[in-house]
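Here are the chains, one letter per residue:
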2 protein chains.
Amino acid sequence: MKKYVYLFNEGNKDMRDLLGGKGANLAEMCNMGLPVPLGFTVTTEACKQYYQDNEELNEDIKTEILIALKKLESEVGKKIGDPENPLLLSVRSGSPVSMPGMMDTILNLGLNDQIAKKLSKDEDSIRFIYDSYRRLIMMFADVVKGKDKDKFEKILEKYKEKRNAKTDLDLTAEDMYNIAMESKEAYKEIVGEDFPEEPRTQLLESIKAVFRSWNNKRAKVYREMNNISDALGTAVNVQMMVYGNLSEDSLTGVAFSRNPATGEDVLYGEFLEKAQGEDIVAGVRTPKPVEVLERNAPHIYKELKDISQLLEYHYKDMQDMEFTVEKGKLYMLQTRNGKRTSMANLNIAVGMAGSGLITKEEALLRVSTKDLDNLMHKTFEEKALKEEKPLTKGLPASPGAVSGRIYFTEADIVKNYKDSDTILVREETSPEDIEGMKYAVGLLTVRGGMTSHAAVVARGLGRCCISGCSEITVNAAKKTLTIGDITLTEGDYISLDGSTGNVYEGVLPTTDPKITGNFETLLNWAKDVKKIGVRANADLAKDALVAFNFGAEGIGLCRTEHMFFEENKIFAIRKMILAETEEEKEKALNDLLPIQTKDFEELFKAANGKILTIRYLDPPLHEFLPKKEEDIKKLAGSLNVTIKSLKEKIESLKQFNPMMGLRGSRLDITYPGLAIMQTKAILTAAKNIQSQGIEVKPEIMLPLIGDPNELKYLKNIIEKTAKDVIKSGEVSYKIGTMIEIPRGTILSAEIAKEADFFSFGTNDLTQMTFGFSRDDASSFLNDYYQKGILKFDPFKTIDKEGVGRLIEVSITLAKRANPSIELGVCGEHGGDEESVKFFSKLGLDYVSCSPYRVPIAILSAAKAVLEK
Amino acid sequence: MKKYVYLFNEGNKDMRDLLGGKGANLAEMCNMGLPVPLGFTVTTEACKQYYQDNEELNEDIKTEILIALKKLESEVGKKIGDPENPLLLSVRSGSPVSMPGMMDTILNLGLNDQIAKKLSKDEDSIRFIYDSYRRLIMMFADVVKGKDKDKFEKILEKYKEKRNAKTDLDLTAEDMYNIAMESKEAYKEIVGEDFPEEPRTQLLESIKAVFRSWNNKRAKVYREMNNISDALGTAVNVQMMVYGNLSEDSLTGVAFSRNPATGEDVLYGEFLEKAQGEDIVAGVRTPKPVEVLERNAPHIYKELKDISQLLEYHYKDMQDMEFTVEKGKLYMLQTRNGKRTSMANLNIAVGMAGSGLITKEEALLRVSTKDLDNLMHKTFEEKALKEEKPLTKGLPASPGAVSGRIYFTEADIVKNYKDSDTILVREETSPEDIEGMKYAVGLLTVRGGMTSHAAVVARGLGRCCISGCSEITVNAAKKTLTIGDITLTEGDYISLDGSTGNVYEGVLPTTDPKITGNFETLLNWAKDVKKIGVRANADLAKDALVAFNFGAEGIGLCRTEHMFFEENKIFAIRKMILAETEEEKEKALNDLLPIQTKDFEELFKAANGKILTIRYLDPPLHEFLPKKEEDIKKLAGSLNVTIKSLKEKIESLKQFNPMMGLRGSRLDITYPGLAIMQTKAILTAAKNIQSQGIEVKPEIMLPLIGDPNELKYLKNIIEKTAKDVIKSGEVSYKIGTMIEIPRGTILSAEIAKEADFFSFGTNDLTQMTFGFSRDDASSFLNDYYQKGILKFDPFKTIDKEGVGRLIEVSITLAKRANPSIELGVCGEHGGDEESVKFFSKLGLDYVSCSPYRVPIAILSAAKAVLEK
């Protein structure tokens, strides 16, 4: 036969599934000898049985409850319903997974007219006992009978008005008595029957009501939101009442074994004298910090502190405790692992591992990548976020919390960024905006997804970015943005919360990121554990330095096109693109060569012996050309051609689907001069820096390879060019390819024979495997999420069953054909926890991600090993 | 020991690899007892050995040659170098694969001063013998010694001038003697040594020279162009000379056993009296038709005709023969399978199978799909094509040969097509042009590839189309096109050759397609043999009827969007797209419903019980919207909105990469009203037509599915809608999906569980697997072909190792998950021979292609079975 009821001393903390979290912890504390008000737990199995029996308690369960009650009575020396020495009880829910405030509670069970009268001794006790009684009646009507408690509140209000009372404490004993009696009458009126005076009836009805509350609407919604199974059920904890409001030397409080905001190792909490637990939550009075107890009631403080330390040691985690002092005696009502900020979590985990309470591995598993992400950026103050209503909400494309003046062109950003923080607002972004993004603190776009150009660059730069903010209308000409009936003009302040996607009007106060020594310690532990390498995507020397600072082991992706977006360089590349003759093209490339060489020299210097993976020019060429009338005019002037002919040329370079058009290595194949120039620049720079005594490790990476012949053709050109620049063996370099086209994965055996390394470009691979253009997909992905078609954004977290399958196939084919091949990933997924774990388990050699994602990738890589 | 030399009577026709084509056939004829001048063949193995021995004949080979020569002498009763009865020889190349005119020949071998003198008997014999001698000297200098024969030609010219002679025949015997002697002196001067009088030396040197000619430049280029292995080598045929120019009763000629232009079963050919074989080729005199022989030399004619029939019967194919009559005796110098036109090939194959000479299966293998393709369209007259120089060349996107006046807008086409044939010239095309394409005879575009929208629609309509004609500049405003310095204006005539991509100025004469009864016979045979089904892609009832006429077994793809491109319908769909409110959208859809229903009714009627696979709306919506200012203005007027706001709306629907954006089933998921409308239209139409006693077999096809949840979601909507339109089981229909996204292939098991059928959309699948936008790829694909990176156009012929691999994976997964699933292909590849064979071998149930490709698909499907 199943056992449906456990006395607290029959359970322990590992019986969470059966006793619920609260019940298991109460049992544990009980067995540890801590001062817990005694009681028993009706199990989740009883709850399931209750639902099987059409919401009735069967005889077995009822019998067990009554037997447990008997045992409880004998343990505490009180009897339920005994006017001389009555046992009063609380009935509380407690499911295996915490669902704070979602289910119901009934207190003061066991009171009735006779007992109340018997307990009435003086003014104070009358007020106290009838206050408890009226609360029981109200809760019973509400929770057990499902009636509105409005009417009961009104009775209280009426008396308070009469007495001109601010709080309940200002009411007289007689008032309380009257209120209780009027509540009883109201109960009869509303419920249609008398309030049950029989304590055992009260108890059984209350237990049923708590079981019922498992399926109330807010509990169901909460479970759905938090992905908690409906099948778990809740346990019910029946416990002797203790009263923090019974006397002057009674109080109630909440304490944490460490500071939940910072993680500092001190007892942290607050308490209210002469109050019940719910008063703290309701915020009726301002509680006092727990340190005050040290002066007012040193023995209580000491006992609480000892218990706190004992519990933390016992649970090996920071504890969140509820306690009550009844007539000078401390009772522990609850303990559980406490919620905390990211910073606190990091500090606690590292601290506990440092003191040997947990292992380093446990510390690594306890700190989430979300914690690290939060620690990498400024955040708005919690308080401000609670008070301010967001103007609108977009996609949280790049985290950060920034406030600044809005501008609508990069020119205006450049003009104003020195005077105040600026935010660039754009309908969409083009590479031309990169200048503006360098100087703005944040970016807000109407179109584009989480991995839009804007978002990628923003994350690369560590800039806050909200994209796809479709409720906004931008009028670039008037330099205004409109949301509903609010119109903001150039120079107005807004605030962006990059971790939620919320946009606020005005300036919100922020707290600085605090990357303390513990952050570094944790990362070092992670590095010791992880197997997969972590490199960074960085295009310029200064970005590379940031990445190395964050722990990157090399540069896995240097996008050479980003070198060209600066004012003086973009002109040179535009000249190359627009050249009409071979000679002009050649000349323009010759102009670019020293510029590229210099950039690479700086990168090799910054890399200082680390691997530098350089991708050849990738984007469709039209991306380098101006779009705006004024820019076209300027360029036409510089090139000495007519505006009309320049426009025609620009038009002729436009493509229907540029993502699948002339770009990547296709540029080098149609115009090998490009590959020759870039090869010269890389190897010349490598040679120059090597001659300064600095080690260089160039890896030449060809993008968008889908056929082995593409690679063969270009490898031949690169190797021939190398002979012109360096002597054989003078600088050692590798030639590899991005695998980012589905066909590239299928033909991996043939391609691998020609390649020193593969780097999976998961952004493009995801685009083409899904047939989702990432710049356009935002127009339907929301529908896909809402309709349950996709569970997550495949541009953020790798799609294991589709894209991931292709990568697996590619790895198998490539390793079989070329066992020494180096395999990595350089898409956005390289900075996503789930994805890094997946890549680590596939046995890839490295991931490469934005500099600001490097710590996250390192921690994820460690978790991949530890969770195996 | 290897045998390097075969007497003709030692070989046979199956020894092609060893003896070369010519040698094997000479041996065969010899063994058949036909009058072949005797000789022997030095094998291709000897050629390979010659190259292994650094271009020398080793002793083994030399010895074998001299032994064979001895045997030959005894067989023919003449001796080489014997002035009394000299054996004269020809030395000719002959490789396993025909390489006409690419290698060298030496005639009259064995002549020298002594023999020439001895053979001189009268004027005629002197002229003949010294003419032969001078030719030998010249050929020897040219072929063996590699010297320019210019000087020798000049000697001849000099004498001709002196005599004022038109042809060699006008020269005197003395002249010829002098020319021969001067040629000998010239030989010594140019070569630096005496002409070798020793006949065996002449022979061995000539054999070496022919071996050497295997590697001359034009032979190498020819092999590369025709994909012939360099390793094959050539054989050398040494044969007794016979002279068609020896006497009045000598002649030489070429004959075919059937008419090579039409296939008619008559002896066909021509001859020259008193001439050598090369004179026919050179065209010095106009030859006479072979029928003339019937009168002039009936016994020769009869013998030739008998031999011709014998050879055709023996070889089971139409023969191309060379013959010579020396002093009234017929000699056969060569026979081989003759080249012929497509029409002739079809008629010969069907004719031979009809008479039992070959089997029906052999007939099917002999007729190529290219033959059928040629027979499906008009062609320009050969003569005109030879004389006219093309203005420029584009991609041969859709075959046909048309001439017409050029126009630059569909409006101008519609205005003018009744007065004369018209050709639409466009920078690129949009679906709006379909109206123009319906009335124009051809289409010429500057941009776009072989499978561009223009090309696909053109092929679907059977319209001639040349696309990607990048040398053309179109000035739409001025209504002119420019190629180099030629400018054509609206109304000027041009001609398009859709099978070569050539564009001509003016009107070229054409020949009509002749689809005779044999065509039908052959297709019926093919249908009996093939296993894979052949359906057609047709969007309207009349296209479907064309397809059924060509043999289609059903409609495998009806693109519903094409129904909307007509004037009255496009307005309705534009209203739907541009609707601002749900009500407006709903109303616009309600307007579309009866229009769609009617179209489907016509299609079900046309299908008359055949399967009708209907694809739901597929293209990105912006394709339906006007682009031109005037059209936008008109639409704004009709919709009663401002031009500005309409333009903004159009702009907002534009996508960066529409091919991977909001299109296909994504349209139905974001706006289910569309799927509901199309479901209602299909099932209402099906019900109505079924009630007329006509069987209906609708298959609902959802495009662009990459995840099983997409299909589940839409299937649910469709099935719910069906319940509103038909009673359960009233009309049976299937629901399936296109597999055209790489992810769809990988998740085929999960998708197949929800689908009644898969139709592989190989166009899109090729695009996304390669990452090639077919509208943009023409900008680099030419470079890919030229640089040997791609061997063929993957949009034309399925890429077996990449795209094909994904299809194989998909088939395996799908069949395992759903064994009853129906699997087909509906991309352009369904009409390509190689691709159809591949799909047939994969075990697919059907291919679906353009109506005009149906016969080709049927024949390809039969070949797939026969070639197994």
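Each remark here, short or long, concerns the structure printed above.
Residues numbered from 1 in each chain as written. Chains lettered and ligands numbered in written order. Predicted model: local features only at pLDDT ≥ 70, side-chain atom pairs only at ≥ 80, totals over all residues. Heavy atoms only, no water.

K.L.:
Give a detailed account of the overall build of chain A, specifying residues and quantitative values.
P.N.:
Assigned secondary structure in chain A consists of 35 helices and 31 strands. Considering only C-alpha atoms, chain A reaches an extent of 110 × 60 × 55 Å along its principal axes. By the burial criterion, 59% of the 868 residues in chain A qualify as buried. A separation of at least 24 residues holds for 67% of the contacts in chain A among residues at least 6 apart in sequence. On chain A, roughly 35100 Å² of surface is accessible, and the fraction owed to carbon and sulfur atoms is 48%. Counting 118 positive and 133 negative side-chain charges, chain A places the centres of these two groups 2 Å from one another. (Helix = DSSP H or I, 4+ residues; strand = E, 2+ residues; numbered from the N terminus. Buried < 20%, exposed > 50% of the residue type's maximum accessible area, 1.4 Å probe, protein only. Contact = heavy atoms within 4.5 Å. Areas by Shrake-Rupley, 256 points an atom, 1.4 Å probe, with all protein chains shown as cover. Lys, Arg positive; Asp, Glu negative; His and termini not counted. Charge placed at Lys NZ, Arg CZ, Asp CG, Glu CD.)

K.L.:
Explain the sheet that holds strand β2 (residues 39-42) of chain A to me, and be specific about the residues and the numbers.
P.N.:
All names here are of chain A. Taking strand neighbours across the sheet as the criterion, the five strands line up as β1-β2-β5-β3-β4 in an open arrangement whose pairing is antiparallel. The strands lining the two open edges of the sheet, one partner per strand, are β1 (5-7) and β4 (105-109). Averaged over all adjacent pairs, the angle separating strand axes in this sheet is 20°, with direction ignored. Running at roughly 165° to β2, helix α3 (residues 59-76) makes contact with β1, β2, β3 (89-94) and β5 (235-240) of the sheet. (Pairing = 2+ DSSP bridges. Axes fitted to C-alpha atoms, helices over the stretch in contact; angles between N-to-C directions.)

K.L.:
Would you mind going over the environment of G761 of chain B in detail, with residue names and values included?
P.N.:
All names here are of chain B. Tracing the backbone shows G761 in the loop between β29 (757-760) and α31 (762-770). By relative accessible area, G761 is classed as buried at 4%. It is 4.9 Å that separates the C-alpha atoms of G761 and G827, two residues lying 66 residues apart in sequence.

K.L.:
Account for the relation of the copies chain B and chain A, naming residues and giving values.
P.N.:
Between chain B and chain A, which share one sequence, the superposing operator has a rotation angle of 178° and an axial displacement of 0.1 Å; the RMSD is 0.6 Å. Read as a symmetry element, the transformation amounts to a two-fold axis. For chain B, the smallest separation between a C-alpha atom and the rotation axis is recorded for N657 of chain B, amounting to 2.0 Å. Interface residue correspondence from chain B to chain A reaches 100%, placing this contact among same-surface, isologous pairings. (Least-squares fit on C-alpha atoms with pLDDT ≥ 70 in both.)

K.L.:
Break down the pairing of strand β27 (residues 697-702) of chain B for me, citing the residues and quoting the values.
P.N.:
On any regular strand, side chains alternate: one points to one face of the sheet, the next to the other face. All names here are of chain B. Of all six residues that make up β27, five are buried, and the element is covered over most of its length. As paired elements, strand β26 (residues 611-615) and β27 share five bridges and run parallel to each other. Residue R615 lies in a different strand from β27, and its bridge partner there is M701. Note that β27 and strand β28 (residues 734-739) share four bridges and pair parallel. Of the residues in β28, the one forming a bridge with E699 is K734. Of the crossover connections in this fold, the one passing from β27 over helix α28 (residues 708-725) to the parallel β28 is right-handed. (Right-handed = clockwise from strand over helix to strand, strands pointing away.)

K.L.:
Describe the pairing of strand β24 (residues 533-537) of chain A, listing the residues and the values that go with them.
P.N.:
All names here are of chain A. Of all five residues in β24, five are buried; the element is thus mostly enclosed. Bridge count between β24 and strand β31 (residues 846-849): four bridges; the pairing is parallel. Among the inter-strand pairings, A536 is bridged to a residue of β31, identified as C849. With two bridges connecting them, β24 and strand β25 (residues 554-559) associate as parallel partners.

K.L.:
Tell me about the side chain of N763 of chain B, residues and numbers included.
P.N.:
Residues and elements named next belong to chain B. Note on placement: N763 falls in helix α31. Only 2.8 Å separates the side chain of N763 from the backbone nitrogen of E828, close enough to count as a polar contact. Other than its neighbours up to four places away in sequence, N763 contacts R774, F795, G827, E828 and H829. (Polar contact = N/O pair within 3.5 Å; in protein donor to acceptor, adjacent residues only side chain to side chain.)

K.L.:
Describe the interface of chain B and chain A, naming the residues involved and giving the relevant values.
P.N.:
Many analyses report the size of an interface as the accessible area lost when the parts associate. With 47 residues of chain B at the interface, the matching set in chain A holds 48 residues. In total, about 4300 Å² of surface goes out of reach between chain B and chain A, with carbon and sulfur atoms giving 58% of it. Of all residues in chain B, F656, M660 and R743 of chain B give up the largest surface area on contact with chain A, accounting jointly for 17% of the area buried on that side. Applying the counting rule to chain B against chain A returns four salt bridges. Of the charged contacts in the structure, one is a salt bridge between D799 of chain A and R743 of chain B, with a shortest N-O distance of 2.7 Å. When contributions to the side of chain B that touches chain A are tallied by element, the ones reaching two or more residues are α26 (665-670), α28, α29 (742-746), α31, α32 (778-786) and α33 (800-817) of chain B. When its residues are assigned to classes, the side of chain B that touches chain A shows 20 nonpolar, 12 polar and 15 charged. (Buried area = accessible area lost by both parts, 1.4 Å probe. Salt bridge = Lys/Arg side-chain N within 4 Å of Asp/Glu carboxyl O. Nonpolar A, V, L, I, M, F, W, Y, C, P; charged D, E, K, R; others polar.)

K.L.:
Account for the pattern of salt bridges, naming residues and giving values.
P.N.:
Any two side chains of opposite charge can pair if their charged atoms end up close together. Residues and elements named next belong to chain A. By the definition in use, this model includes 125 salt bridges over all chains. Across the pair R258 and D265 runs a salt bridge, and its minimum N-O distance is 3.6 Å. A relative accessible area of 7% places R258 in the buried class. A relative accessible area of 54% places D265 in the exposed class. Through salt bridges with shared partners, one network takes in E561, R615, D618, R663 and D764.

K.L.:
Give a description of the packing of aromatic side chains that names residues and reports values.
P.N.:
Scanning the model with the defined rule gives 39 aromatic pairs over all chains in all. Taking the centre distance of 5.4 Å and the plane angle of 40° together, the rings of Y50 of chain A and F211 of chain A count as tilted. Highlighted residues: Y50 of chain A in helix α2 (residues 44-52) and F211 of chain A in helix α8 (residues 199-213), separated in sequence by 161 residues. There is no split in this pair, since Y50 of chain A and F211 of chain A are both buried. A ring pair is formed by F772 of chain B and F780 of chain B, whose centres lie 5.2 Å apart and whose planes are at 70°; its orientation type is edge-to-face. Judged by its relative accessible area of 0%, F780 of chain B is buried. Put simply, the rings of Y130, Y133, F140, Y177, Y187 and F195 of chain A touch in pairs and so form one group of aromatic residues. (Phe/Tyr/Trp six-rings, centres within 6.5 Å; stacked < 30°, edge-to-face > 60°.)

K.L.:
Can you tell me about the sheet that holds strand β4 (residues 105-109) of chain B, naming the residues and giving the values?
P.N.:
Residue and element names in this part refer to chain B. In space, the five strands of this open sheet follow the order β1-β2-β5-β3-β4, with antiparallel pairing throughout. Looking at which strands have only one partner, the edges of the open sheet turn out to be β1 (5-7) and β4. Across the sheet, the axes of successive neighbouring strands diverge by a mean angle of 20°, strand direction being ignored. For strand β3 (residues 89-94) and β4, the ladder comprises three bridges, and the chain directions are antiparallel. Bridge pairing in β4 places R92 opposite T105.

K.L.:
Now, about helix α22 (residues 567-578) of chain A: what can you tell me, with residues and values included?
P.N.:
Residue and element names in this part refer to chain A. An ideal rise of 1.5 Å per residue puts 16 Å on 12 residues; α22 measures up with 17 Å between its terminal C-alpha atoms. Of all the residues in α22, the buried ones are K569, I570, A572, I573, R574, M576, I577 and L578. Elements in contact with the buried residues of α22: α23 (582-607), α24 (629-639), α25 (643-653) and α27 (672-690). (Expected span 1.5 Å × (residues − 1).)

K.L.:
Got a sec to walk through a negative patch on the surface? Specific residues and values, please.
P.N.:
All names here are of chain A. A cluster of acidic residues, E580, E582, E583, E584 and E586, forms a negative patch on the protein surface. On the secondary structure map, E580 appears in the loop between α22 and α23. E580 gets classed as exposed once you look at its relative accessible area, which sits at 60%. (Patch = residues over 30% accessible without salt bridge, like charges linked within 9 Å, V, L, I, M, F, W, Y side chains within 5 Å.)

K.L.:
For the nonpolar core, give the residues involved together with the corresponding values.
P.N.:
Counting residues in hydrophobic clusters, the biggest one holds 269 residues, and the most contacted among them are L522, F604 and F758 of chain A together with L522, F604 and F758 of chain B. Here F604 of chain A is in contact with L612, I614, I682, A685, A686, I689, I694, V696, K697 and P698 of chain A, once residues within four sequence places are set aside. (Core = buried A, V, L, I, M, F, W, Y, C linked by side-chain atoms within 4.5 Å.)

K.L.:
Hey, could you go over helix α34 (residues 833-842) of chain B for me, with residue numbers and the actual values?
P.N.:
All names here are of chain B. Across the 10 residues that make up α34, a large majority, seven, are buried. The set of residues buried in α34 consists of E833, S835, V836, K837, F838, F839 and S840. Buried-residue contacts for α34 involve α15 (369-375), α31, α33, β30 (822-825), β31 (846-849) and α35 (854-866). Phi turns positive one or two residues past the end of α34, at G843, with a value near 85°.

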